[in-house]
Amino acid sequence: MNNAVADTVLETSGLTKRFSGFTAVDNVSLKVKTGSIHALIGPNGAGKTTCFNLLTKFMQPSAGKIIYRGDDITYLKPADVARRGLVRSFQISAVFGHMTALENVRIALQRERGASFDFWRSDRNLQRFDDRACALLEDVGLGAFIHTKAAELSYGRKRALEIATTLALDPPLLLLDEPTAGMTEQDVERIVDLIKRLRQGRTILMVEHNLSVVAGLSDRITVLMRGRVLAEGDYETVSRDPAVITAYLGQDHA
Ligand SMILES: Nc1ncnc2c1ncn2[C@@H]1O[C@H](COP(=O)(O)OP(=O)(O)OP(=O)(O)O)[C@@H](O)[C@H]1O
């Protein structure tokens, strides 16, 4: 692998998605640098979610290519890209409400290892995975809630739990879908701190609506508008771009 490839963990060229004549993602070329936090922003309907679904292989593109760590993954299945280390966070529906935080993370670890039932019957093995689950819950700030049922956690804490189950896969590239959506201010702060900690040793690509979150976290921002890349750069650069101000910031500060 040459340096240019190693420097870029994920790259798209000409990525396009059409829905019966309507182009939701239009010729998007994106480069996500290894170790960076990269945000995908844009006004409602800009194509962020569709783009995210294409990158995580939950949708097939109409045209274009997706290269992950130098390999063409355009036509792989979600499970195949997850196995390669490109893992998306789900919305909280991925968390089982009737189970405790610990049980949720244990299940994620269990899935990750693909261990047999006999393996899980051994107390020693269970203990080992419980230790790992507790460490993950500590990492996401849920150390005091390990025995709390997921349904009883606040929305922000549910999202943190959901991120802990994602981290069970130890992904080098983590894709976060609106990590602060619907959160209280306090929860937003907690998630921002968590994302800062998560970046150690990995790359994060996120779709995010909250501009102050994006400003404080992202090394690079791609602004989408009507399915196309409108601007790209650090927050300083994109927030000064007149086209962005009109299309996005203008709308937000109206
Ligand atoms: N399955 C689909 N069939 C038809 N049109 C779709 C489909 N999914 C998305 N679209 C359209 O594609 C456009 C982009 O939608 P998308 O959800 O990707 O935007 P977004 O930037 O994530 O918006 P938001 O911020 O509102 O979530 C929208 O006009 C949407 O109506």
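Cut-offs and rules
Per-chain numbering applies: the sequence of each chain, read as written, is numbered from 1 onward. Per-residue local features of the predicted model are confined to residues with pLDDT of at least 70, and side-chain atom pairs are confined, for both listing and counting, to 80 or more; whole-chain, interface and lining totals are unaffected and use all residues. Only DSSP runs of H or I with at least four residues qualify as helices, and only runs of E with at least two residues qualify as strands; both kinds are numbered from the N terminus onward. Here exposure depends only on C-beta density: within 10 Å of a residue's C-beta, 20 or more other C-beta atoms make it buried, 12 or fewer make it exposed, and intermediate numbers make it partly exposed, the C-beta atoms being placed from the backbone. Strands are labelled as partners when DSSP assigns at least two bridges between them. Nearness is defined per residue: the C-beta atom, placed using the backbone, must lie within 6 Å of the molecule or strand. Each residue is represented by a C-beta atom placed from its backbone, and any two residues with such atoms within 7 Å are regarded as in contact. These domain limits were set by an automatic method or by a database of domain assignments. Amino acid classes used here: Ala, Val, Leu, Ile, Met, Phe, Trp, Tyr, Cys and Pro are nonpolar; Asp, Glu, Lys and Arg are charged; the rest, including Gly, are polar. A set of buried residues drawn from Ala, Val, Leu, Ile, Met, Phe, Trp, Tyr and Cys, joined through C-beta atoms within 7 Å, is what defines a nonpolar core. Here the axes come from fitting lines to C-alpha atoms, over the contacting stretch only for helices, and the angles between their N-to-C directions go from 0 to 180 degrees. Reported orientations rely on four angle classes, namely roughly parallel under 35 degrees, roughly antiparallel over 145, roughly perpendicular from 65 to 115, and oblique for the rest. With the far helix as reference, a near helix turned anticlockwise by less than a right angle produces a left-handed crossing, and one turned clockwise produces a right-handed crossing.

1. Re unusual backbone geometry
Alright, step 1. In the Ramachandran plot, K57 falls in the positive-phi region, its phi being about 75 degrees despite a non-glycine side chain.
Alright, step 2. Considering the arrangement of structural elements, one finds K57 in the loop between α2 (48-55) and β4 (63-68).
Alright, step 3. What makes K57 buried here is the crowd of 22 C-beta atoms within 10 Å.
Alright, step 4. Positive phi values are uncommon outside glycine, yet R69 reaches one of about 45 degrees.
Alright, step 5. Considering the arrangement of structural elements, one finds R69 in the loop between β4 and β5 (71-72).

2. Description of α2
Alright, step 1. Burial analysis of α2 places six of its eight residues in the buried class, which makes it a mostly covered element.
Alright, step 2. Buried within α2 are the following residues: K48, T50, C51, F52, L54 and L55.

3. Looking at the pairing of β4
Alright, step 1. The sheet contact formed by strand β1 (residues 8-19) and β4 spans five bridges and is antiparallel. Its bridge partner lying in β4, L10 is registered against Y68.
Alright, step 2. As paired elements, β4 and β5 share two bridges and run antiparallel to each other. Across the sheet, Y68 pairs through a bridge with D71, a residue of β5.
Alright, step 3. Where β4 folds back on β5, the antiparallel hairpin that results is connected by two residues, among which R69 adopts a positive phi of roughly 45 degrees.

4. What about the site of the ligand?
Alright, step 1. Every residue near the ligand is listed here: F19, F22, A24, G42, N44, G45, A46, G47, K48, T49 and T50.
Alright, step 2. At the level of secondary structure, the elements contributing two or more residues to the shell around the ligand comprise β2 (22-33) and α2.
Alright, step 3. Considering every element that reaches the shell around the ligand, the biggest residue donor is α2, with three residues.

5. What to know about the environment of A133
Alright, step 1. Its place among the elements puts A133 in helix α6 (residues 123-139).
Alright, step 2. Here A133 falls in the buried class, since 24 other C-beta atoms lie within 10 Å of it.
Alright, step 3. Sequence separation between A133 and E103 is 30 residues, and the spatial gap between their C-alpha atoms is 8.4 Å.
Alright, step 4. Dropping the residues within four chain positions of it, A133 is found in contact with L102, V105, R106 and L109.

6. Let's talk about the domain arrangement of the protein
Alright, step 1. Structurally, the protein comprises domain 1 (1-85 + 173-254) and domain 2 (92-170).
Alright, step 2. Of the residues lining the interface, 11 residues belong to domain 1; the matching set on domain 2 comes to 11 residues.
Alright, step 3. Element by element, the count of residues in the side of domain 1 that touches domain 2 is highest for helix α8 (residues 185-198), at five residues.
Alright, step 4. The class makeup of the residues in the side of domain 1 that touches domain 2 is six nonpolar, two polar and three charged.

7. A word on the nonpolar core
Alright, step 1. Grouped together as the largest cluster of nonpolar side chains are 67 residues, with contacts concentrated most on V105, L137, A164, L175 and V223.
Alright, step 2. Built from parts of two domains, this core gets at least three residues from each of domain 1 (1-85 + 173-254) and domain 2 (92-170).
Alright, step 3. Other than its neighbours up to four places away in sequence, L175 contacts F52, L55, T56, L86, V87, R88, S89 and L205.

8. What to know about the sheet that holds strand β8 (residues 203-207)
Alright, step 1. Taken in spatial order, the six strands of this open sheet run β6-β7-β8-β3-β9-β10, and their pairing is mixed. At either end of the open sheet lies a strand with only one pairing partner, and these are β6 (86-88) and β10 (228-233). Each adjacent strand pair in this sheet contributes to an overall mean axis angle of 20 degrees, direction not counted.

9. What about the sheet that holds β4?
Alright, step 1. The sheet built from four strands is open, its strands ordered β2-β1-β4-β5 with antiparallel pairing. Each edge of the open sheet is held by one strand with a lone partner, namely β2 and β5.
Alright, step 2. In terms of strand pairing, β1 meets β2 through eight bridges, oriented antiparallel. What sits directly across from K17, in β2, is V25.
Alright, step 3. Along the sheet, α2 makes contact with β1, β2 and β4, crossing β2 at roughly 60 degrees.

10. Here's the deal with the packing of helix α7 (residues 155-167) against α8
Alright, step 1. Here α7 crosses α8 at 20 degrees, and the two axes come no closer than 9 Å. One way to sum up the angle between α7 and α8 is to call them roughly parallel. You can see that α7 and α8 cross each other, and the crossing is right-handed. Taken together, the residues of α8 that come into contact with α7 (itself represented by Y155, G156, R159, A160 and I163) are D187, R190, I191 and L194.
Alright, step 2. Tallied by class, the residues present in the contact of α7 with α8 amount to five nonpolar, one polar and three charged.

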